[in-house]
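Structural features, examined
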Amino acid sequence: MKENIKKGIQKFGRSLLLPIAVMAPIGMVMGLTNALSQSYMIEQVAFLGNPVVQSIIGSLKTISSIVFENIPLLFAMGVAYGMAKLDKGIAVFSSVLGYITLLVVVNVYLTLTNALVDAETMASVGQGMVLGIQTLKLDAAGGIIAGLIAAKCTDKFYKTQLPLAFAFFGGKKFVPIATFFFMIPVGFVVPMVWGLFTKLLIFISPVFMNETFGVGVYWFAHRALIPFGLHHVLASIVRFTEAGGVYMIDSQQYIGILNAANKVLFDLGPDNPAWKLAPGLFKYLATGQMLTTLFRVPAIGLAMYHTAFADNKKSQKGLF
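Residues numbered from 1 in each chain as written. Predicted model: local features only at pLDDT ≥ 70, side-chain atom pairs only at ≥ 80, totals over all residues. Heavy atoms only, no water.

**Notes on the side chain of Ser-95**
As a reminder of what qualifies: Counting from the N terminus, the helices are the DSSP runs of H or I reaching at least four residues and the strands are the DSSP runs of E reaching at least two. When a residue's accessible area, from a 1.4 Å probe over protein chains only, is under 20% of the maximum for its type it is buried; when over 50% it is exposed; and in between it is partly exposed. N or O atoms closer than or at 3.5 Å make up a polar contact, with two conditions inside protein: a donor-capable atom paired with an acceptor-capable one, and, for residues adjacent in sequence, both atoms drawn from side chains. We call two residues in contact whenever any of their non-hydrogen atoms come within 4.5 Å of each other.
Residue placement: Ser-95 occurs in helix 6 (residues 88–112). Judged by relative accessible area, which is 0%, Ser-95 ranks as buried. Separated by 2.6 Å, the side chain of Ser-95 and the backbone oxygen of Val-92 make a polar contact. Discounting residues that sit within four places of it in the chain, Ser-95 has contacts with Ala-76, Met-77, Ala-80, Ala-146, Gly-147 and Ala-150.

What follows is the structure, encoded as structure tokens:
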């Protein structure tokens, strides 16, 4: 049983890699375009002031920003794809439906409990507009919940056979239907427990965010979890939840290290007073790690490939 739990957590950790991997290269594009559109860069490099150049940079900035504006949706699809054992395509489809259903059900709960607030105070109470729906800002956690439920429904109901009158809705068609109905009670429960979950994350946040030893504790725990495949879970918690801190930037609330860092780095720049947060945020984001992953590791692999190919073909096959 312990082994099954361990494998399940490892599988969950690996499922988080897909959306994170997407964010890495696109984040680089977004970072470059934001930097090149800053006034201090235009002053240093004259041709950046050209209207055509700025139009291209602005267009790339707008296109790449869509990824970071829909992080929960990416996590919903990534987790569903990684956790489902059977038809991963229908799991991904169901996760999108499940996530949208979750947003709407939470909105209904807030409406019934008279908890909806106006636009000016949404940020202060943890609410916001997501895909055009006023709801709780569950961020990546909402996507993960939808992804897990969609994956479970896929494995459980993929081969469901219904009576002849309803046979059309059986099989894989039943999976998104089941996901939809499962998300309704989940959507009513989430707002009730979300406050407790948030308090737990805020409670552990001072350990990781401590100015003296926080970074050391975080990276020690991160490295210690690598052999178990759980380091991605820890990284995601710090990057996307209250465990990584809650930041008020330009009168808006940003939850987690990565969300706050993206705002400071990509939208504001060094001329904004919020830039003083940058050093404290960036030290949790594995500076240079993605460059190693994207370029150094493939380069080492390519060198090993050529070496193995020169020695013998059997060794070459073993690398892959």
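**Structural notes on helix 11 (residues 257–268)**
Inclusion rule: For a helix, the expected span equals 1.5 Å multiplied by the residue count minus one.
Compared with an ideal rise of 1.5 Å per residue, which puts twelve residues at 16 Å, helix 11 spans 16 Å between its outermost C-alpha atoms and is within 8% of the ideal. Of all twelve residues in helix 11, ten are buried, a share of seventy percent or more. Residues of helix 11 that are buried include every one of Ile-257, Leu-258, Asn-259, Ala-260, Ala-261, Asn-262, Lys-263, Val-264, Phe-266 and Leu-268, and no others. Phi turns positive one or two residues past the end of helix 11, at Gly-269, with a value near 85°.

**Quick word on helix 6**
Here helix 6 contains 25 residues, and its C-alpha end-to-end distance of 35 Å stays within 8% of the 36 Å for a straight helix at 1.5 Å per residue. Measuring from the backbone nitrogen of Gly-89 back to the side-chain oxygen at the start of helix 6 gives 3.0 Å, which picks out Asp-87 as the cap. Positive backbone phi, at 55°, marks Asn-114, one or two positions downstream of helix 6.

**Looking at the packing of aromatic side chains**
The criterion, for reference: Pairing of aromatic rings covers Phe, Tyr and Trp, the last through its six-membered ring, and needs centres within 6.5 Å; plane angles under 30 degrees mean stacked, over 60 mean edge-to-face, and all others mean tilted. Here, a charge over a ring is recorded when the distance from Lys NZ or Arg CZ to the ring centre is within 6 Å and its angle to the ring normal is within 35 degrees.
Taken as a whole and judged by the stated rule, the model has nine aromatic pairs. Ring geometry for Tyr-109 against Phe-188: centres 6.4 Å apart, planes inclined by 70°, an arrangement best described as edge-to-face. Taken as a pair, Tyr-109 in helix 6 and Phe-188 in helix 8 (residues 174–209) lie far apart in primary sequence, 79 residues in all. With 6.2 Å between their ring centres and 75° between their planes, Trp-275 and Phe-282 make a pair best called edge-to-face. Residue Phe-282 is classed as partly exposed on the basis of its relative accessible area, which comes to 23%. Through a chain of ring-to-ring contacts, the aromatic side chains of Phe-208, Tyr-218, Trp-219 and Tyr-284 assemble into a single cluster. Here the guanidinium or amino end of Lys-88 rests over the ring plane of Tyr-81, the centre of that ring lying 5.2 Å away. Lys-173 extends its terminal NZ or CZ atom over the ring of Phe-168, reaching a point 4.9 Å from the ring centre.

**Topic: the side chain of Thr-135**
Considering the arrangement of structural elements, one finds Thr-135 in strand 2 (residues 133–136). Thr-135 gets classed as buried once you look at its relative accessible area, which sits at 0%. Side-chain polar atoms of Thr-135 contact the backbone oxygen of Leu-103, separated by 3.5 Å. Setting aside anything within four residues of it in sequence, one finds Thr-135 in contact with Leu-103, Val-106, Asn-107, Leu-110, Gly-126, Gln-127, Gly-128 and Val-130.

**Some details on the nonpolar core**
Here is the rule we go by: Buried Ala, Val, Leu, Ile, Met, Phe, Trp, Tyr and Cys residues form a nonpolar core when they are joined through side-chain atoms within 4.5 Å.
Ranked by size, the top nonpolar core spans 24 residues in total, and within it Tyr-99, Leu-102, Leu-136, Leu-138, Cys-153 and Phe-157 carry the most contacts. Sorting the residues of this core by element identifies helix 5 (71–83), helix 6, strand 2, helix 7 (140–157) and helix 8 as the ones contributing at least two each. The biggest single contributor to this core is helix 6, with seven residues. Those residues in contact with Tyr-99 that sit more than four places away from it in its chain are Pro-72, Leu-73, Ala-76, Val-130, Leu-131, Gly-142, Gly-143 and Ala-146. Met-30, Ala-80, Ala-84 and Leu-258 belong to the second-largest nonpolar core, a separate cluster that totals 21 residues.

**Some thoughts on the pairing of strand 1 (residues 127–130)**
Rule in force here: At least two bridges found by DSSP between two strands is the condition for calling them paired.
Sheet topology note: the strand 1/strand 2 ladder contains four bridges and is antiparallel. Paired with Val-130 across the two strands is Ile-133, which belongs to strand 2.

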